[in-house]
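Here is what each chain is made of, one letter per residue.
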Amino acid sequence: MNAIRWIAAAMVAIFTLGFAQARAMARPATLIPDIPLATSPVQERLTALGVNAAGRYLAVWDVDAGSGNFDVWGQFIALSGQKLGDPFPIANSDKPEFAARVAYNPQDDEFLVVYEYGYATDDHDIRGQRVDGDSPTLVGGPLAVGVTTGDERAPDVAYLPAASQYLVAYALDGDIWARRIARRGRGDDGGDFLGDEFPVVADPLSTESGPVVAAATHENFFLIAYVYAFSQEDDDVMAQRVRGEDATEGPILGEAFALAASSERENAPALAYSPQARAFIALWQNALPFNEDVRGRWIDAGNLSNQPCFGPAFDVAADAVALERSPQVAVDSSTGQVMATLAYAPRPDAWHRLALVQLNRDPQAATPVLQPPNLLPERNGHVLAPRIQLAAGRSAFFLGYTIQWGTRSDADMDAYLHLADHWRVMLPMIWQ
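Residues numbered from 1 in each chain as written. Predicted model: local features only at pLDDT ≥ 70, side-chain atom pairs only at ≥ 80, totals over all residues. Heavy atoms only, no water.

*Asks:* Before we move on, could you go through the overall build of the protein chain and cite the residues and values that matter?
*Replies:* Each helix and strand in the protein chain was counted, giving two helices and 28 strands. When the 432 residues of the protein chain are sorted by exposure, 53% land in the buried category. Sequence-distant contacts in the protein chain: of pairs separated by 6 or more residues, those separated by 24 or more amount to 52%. Working note: accessible area of the protein chain is about 18,400 Å², and carbon and sulfur atoms make up 53% of it. (Helix = DSSP H or I, 4+ residues; strand = E, 2+ residues; numbered from the N terminus. Buried < 20%, exposed > 50% of the residue type's maximum accessible area, 1.4 Å probe, protein only. Contact = heavy atoms within 4.5 Å. Areas by Shrake-Rupley, 256 points an atom, 1.4 Å probe, with all protein chains shown as cover.)

What follows is the structure in structure tokens.
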């Protein structure tokens, strides 16, 4: 009888502990306060997050060096929140360098940081810089990725291990172009590049801009999503596949297809690949009169037709009054976990704050959003350009953002990280 009572008491204690843990896990998905990266009196804007195989992050931001000359800086940081070493310059010439993006190459434990280089006011180029995957060490010199008399802007980059190469996508005079970068010393003639720049989308009747790129690691190709100006008041989001390696058929794989093509303004695409789902997840901003929403759609990576999407688009954050903008999405390559972030203002006259959303990892699930926007505390400034990156197989991850302290164009801007844990979002569902 005593043994039965002891077992019953133990079960009650376990249930009570589990209920308490569930209540604790229901708190906002925040582990520690904001981690300041760059908070000097000059403008600093977070632009990219990368993570290596060991779970160490590389945060990248722009720094105003004076007279409009921005430089690109980086900082390594552990998932404990500890900064690893000092901030270091990645690109800091006497010309403006900014708008950096980053991709990680696990085969060489290397990051590639690509950025805009302001050669002249109306002539920007795209450059790249290799960075050691575990230390603030630049590997080689700047790479001239896209350097013409045209105006190259807004780069993005992804790495495809099966092809042992990066693909850098960018806008060039209203078209989308790209270039392949090899592993160091394995390009043409032992150099850095595989072939020259090539057009991805060049529609003479429209303007294309804002490309983002992701790599289908199982299917061995890249996908580029971009903004297509259907008319002056109607932007759409389109996508185009690029072969993992050049072939006699050329670099383009299949036809371009629409992700969002309504009569509304759809722009600011974000893109990630899930190796578990064998699919891409795409998000974008939907601009309505007096309102902004974020929508999403899954893309079957194995379907090479011009209609590869799993069902219709779905709402990620679509409050009738709130403004939701600037989405970013990331997938845990080990577990398939999908998390998104965006900037959220409850009404037009409020500050934008950072929001975190958990999406269903199953592209065909009836409920595509598992947890709606989880709002972080409001600050006395606007959260701009949030970033997210998941470390494979780890529940903790970093969000990054820029905060603008005021509404003037010359207002001070600082770069921050926020350490979160997706188990704090997931576990309440397990206990229900």
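*Asks:* Kindly report on the packing of aromatic side chains, identifying the contributing residues and their values.
*Replies:* Considering all chains together, one arrives at eight aromatic pairs under this definition. Seen in terms of ring centroids, tyrosine 104 and phenylalanine 111 are 5.0 Å apart; in terms of plane orientation they differ by 50°. Their pairing is tilted. By relative accessible area, which is 0% here, phenylalanine 111 ends up buried. An aromatic cluster is defined as three or more aromatic residues linked by ring pairs; in this entry it consists of Phe76, Phe88, Tyr104 and Phe111. (Phe/Tyr/Trp six-rings, centres within 6.5 Å; stacked < 30°, edge-to-face > 60°.)

*Asks:* Explain empty space enclosed by the protein residue by residue, including any values.
*Replies:* Enumeration over the complete set of coordinates arrives at one cavity of 30 Å³ or more. Considered as a void within the structure, the largest cavity measures approximately 50 Å³ in volume. Lining of the largest cavity is provided by Asp34, Leu354, Leu376, Pro377, Arg379, Val383, Tyr401 and His418. Class assignment of the residues belonging to the lining of the largest cavity gives a composition of five nonpolar, one polar and two charged. (1 Å grid on protein atoms, 1.4 Å probe; cavity = no way out; pocket = protein on both sides within 12 Å on 5 of 7 lines; lining within 4 Å. Points joined across faces, edges and corners; volume = space filled by probe spheres on them. Nonpolar A, V, L, I, M, F, W, Y, C, P; charged D, E, K, R; others polar.)

*Asks:* Mind laying out the environment of alanine 158, listing which residues take part and the relevant values?
*Replies:* In this fold, alanine 158 is placed in strand β10 (residues 152-160). Remark: the alpha-carbon pair of alanine 158 and alanine 216, spanning 58 residues in sequence, is separated by 9.8 Å. Beyond its immediate sequence surroundings of up to four residues, alanine 158 is in contact with Ala103, Gln165, Tyr166, Leu167, Val213, Ala214, Ala215 and Phe222.

*Asks:* Explain the side chain of asparagine 291 to me, and be specific about the residues and the numbers.
*Replies:* Tracing the sequence through the fold places asparagine 291 in strand β20 (residues 291-300). At a separation of 3.4 Å, a polar atom in the side chain of asparagine 291 contacts the main-chain carbonyl oxygen of aspartate 319. (Polar contact = N/O pair within 3.5 Å; in protein donor to acceptor, adjacent residues only side chain to side chain.)

*Asks:* Describe the sheet that holds strand β26 (residues 382-390), and please don't skip the residues or the numbers.
*Replies:* The antiparallel open sheet is built from four strands, whose spatial order is β1-β28-β27-β26. Two strands in the sheet have a free side with no partner beyond their single neighbour: β1 (35-38) and β26. The mean inter-strand angle of the sheet, taken between neighbouring strand axes irrespective of direction, is 25°. (Pairing = 2+ DSSP bridges. Axes fitted to C-alpha atoms, helices over the stretch in contact; angles between N-to-C directions.)

*Asks:* So what's going on with the sheet that holds strand β14 (residues 208-216)? Residues and values would help.
*Replies:* Pairing between the strands of a sheet is mediated by backbone hydrogen bonds and can be parallel or antiparallel. One open sheet holds the four strands; their spatial order is β14-β15-β16-β17, and the pairing between them is antiparallel. In this open sheet, the two strands that pair with only one neighbour each are β14 and β17 (252-260). Here the average twist between neighbouring strands, direction ignored, is 25°. The sheet contact formed by strand β15 (residues 221-231) and strand β16 (residues 234-243) spans ten bridges and is antiparallel. Bridge pairing in β16 places alanine 225 opposite alanine 239.

*Asks:* How would you summarise the pairing of strand β28 (residues 413-421) if you had to cite specific residues and measurements?
*Replies:* Counted residue by residue, β28 has nine buried out of nine residues, so it is predominantly covered. Alternating positions in β28 separate into two faces, Met413, Ala415, Leu417, Leu419 and Asp421 on one and Asp414, Tyr416, His418 and Ala420 on the other, with burial throughout. Across three bridges, the pairing between β1 and β28 is antiparallel. Within β28, the position partnered with proline 36 by the bridge is tyrosine 416. Pairing between strand β27 (residues 396-404) and β28: nine bridges, direction antiparallel. Of the residues in β28, the one forming a bridge with alanine 396 is aspartate 421.

Coordinates in, geometry out; function isn't part of it.
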